[in-house]
Amino acid sequence: MTQNKTSLLLKVSLILFAIVAIGYGIVHSFFPEAYVKSAGGDPIPSSWLRWIGGIMIPLGIGAIMVFRNPYKQGIFITTIAIGNLLCGLILLYSLFFENTGIGYTMATLAPAIVSLILSGLFWLCLNQSGDLLWGKQK
């Protein structure tokens, strides 16, 4: 694969992650009750969800910053790849081993799939754009 196509895959992956992270961050920060209602869950203290938003928004902003200059950003991409992999696997575990309703199933399955796809994209980017991301010269 050429460097241009590899850079395009990296940029598309970063933008997708930024949209997902900032989107979830805004929902968790400002509308946590709506998220719990949509999943059909019992009300919980909103602070349990708001802190997640405070983490997701900066990760999305970091992805935008790496999008602008990906040189030597391999550690960030690796962290996002591992984080999305763990998130997807944990959501699948929750889906299969917790007794829940259909609302919870849909609210768990969609993010699990998105996280696993993003993780796969970032691992692919690490494999194909390693020289750029780790600052190695060819």
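Residues numbered from 1 in each chain as written. Predicted model: local features only at pLDDT ≥ 70, side-chain atom pairs only at ≥ 80, totals over all residues. Heavy atoms only, no water.

Trainee: Just to check I follow, could you spell out the packing of aromatic side chains for this structure?
Mentor: Any pair of aromatic rings gets described here by the distance separating the centres and the angle formed by the planes. The tally for this structure, following the rule as stated, stands at 2 aromatic pairs. Geometrically, the ring pair formed by Phe 17 and Phe 122 is edge-to-face, given 6.0 Å between the ring centres and 80° between the ring planes. Of the two residues, Phe 17 is situated in helix H1 (residues 3-30) and Phe 122 in helix H5 (residues 102-128); the sequence distance between them amounts to 105 residues. In this pair, the class of Phe 17 matches that of Phe 122, namely buried. Summarising the aromatic geometry, the rings of Tyr 93 and Phe 97 are spaced 4.9 Å apart at their centres and angled 40° between planes, so their arrangement reads as tilted. Within this pair, Tyr 93 and its partner Phe 97 are both found in helix H4 (residues 74-97), separated by 4 residues, close to a single helical turn. (Phe/Tyr/Trp six-rings, centres within 6.5 Å; stacked < 30°, edge-to-face > 60°. Helix = DSSP H or I, 4+ residues; strand = E, 2+ residues; numbered from the N terminus. Buried < 20%, exposed > 50% of the residue type's maximum accessible area, 1.4 Å probe, protein only.)

Trainee: How should the environment of Gly 120 be read in this particular structure?
Mentor: Within the element layout of this structure, Gly 120 appears in helix H5. Considering only alpha carbons, one finds Gly 120 and Asn 84, 36 residues apart in sequence, at a separation of 8.8 Å.

Trainee: Any chance you could explain helix H3 (residues 47-68) here in plain terms?
Mentor: Along an α-helix, a turn takes 3.6 residues, which lines up residues three or four apart on a common side. Between the first and last C-alpha of H3 there are 33 Å, a value that for 22 residues agrees with the 32 Å anticipated at 1.5 Å per step. The complete set of buried residues in H3 reads Leu 49, Gly 53, Gly 60, Gly 62, Ala 63 and Val 66. (Expected span 1.5 Å × (residues − 1).)

Trainee: Mind showing me how you'd approach the pattern of salt bridges here?
Mentor: Two side chains of opposite charge can pair, provided their charged atoms sit close to one another. Inspection of the entire model under this criterion finds 1 salt bridge. Between Arg 50 and Glu 33 there is a salt bridge, with its nearest N and O atoms 3.7 Å apart. Linking Arg 50 in helix H3 with Glu 33 in helix H2 (residues 32-38), this pair joins segments that are 17 residues apart in sequence. Of the residues examined, Arg 50 reaches a relative accessible area of 33% and is grouped as partly exposed. (Salt bridge = Lys/Arg side-chain N within 4 Å of Asp/Glu carboxyl O.)

Trainee: Is there a simple way to think about a nonpolar patch on the surface in this case?
Mentor: On the surface, a cluster of nonpolar side chains totalling about 540 Å² of accessible area is made up of Ile 82, Leu 85, Leu 86, Leu 89, Ile 90 and Trp 123. A total of 5 residues in the nonpolar patch trace back to one element, the largest contributor, which is H4. Leu 86 sits in the partly exposed class, given a relative accessible area of 46%. (Patch = residues over 30% accessible without salt bridge, like charges linked within 9 Å, V, L, I, M, F, W, Y side chains within 5 Å. Areas by Shrake-Rupley, 256 points an atom, 1.4 Å probe, with all protein chains shown as cover.)

Trainee: It is not clear to me how the side chain of Thr 78 should be interpreted in this structure. Could you clarify?
Mentor: Within the secondary structure, Thr 78 sits in helix H4. Assessed through its relative accessible area of 17%, Thr 78 is described here as buried. If we skip the residues at most four places from it in the chain, Thr 78 touches Trp 123, Leu 126 and Trp 134. (Contact = heavy atoms within 4.5 Å.)

Trainee: Explanation requested: the nonpolar core in the structure shown.
Mentor: In summary, soluble globular proteins display a tendency toward joint burial of nonpolar side chains. Membership of the largest hydrophobic core comes to 17 residues, with the highest contact counts inside it found for Leu 10, Leu 14, Phe 17, Ala 63, Phe 76, Ile 77 and Phe 122. It is H1 that provides the largest number of residues to this core, a total of 6 residues. Discounting chain neighbours no more than four positions away, the residues touching Ile 77 are Leu 10, Leu 14, Val 66, Phe 122, Leu 126 and Leu 133. (Core = buried A, V, L, I, M, F, W, Y, C linked by side-chain atoms within 4.5 Å.)

Trainee: Could you clarify how one ought to interpret the confidence of the model for the protein chain in this entry?
Mentor: Detail in the predicted coordinates should be disregarded across regions flagged by low pLDDT. Put simply, the protein chain has an average pLDDT of 88, and 89% of its residues get 70 or more. Ranking the helices and strands of the protein chain by mean pLDDT puts H4 first, with 95, and H2 last, with 80. (pLDDT = per-residue confidence, 0-100.)

Trainee: Honestly, the environment of Tyr 104 in this entry has me stumped. Any pointers?
Mentor: If you trace the backbone, Tyr 104 turns up in helix H5. On the basis of relative accessible area, Tyr 104 is assigned to the partly exposed category, the value being 25%. Along the primary structure Tyr 104 and Gly 40 are separated by 64 residues, whereas in three dimensions their C-alpha atoms are 6.1 Å apart.

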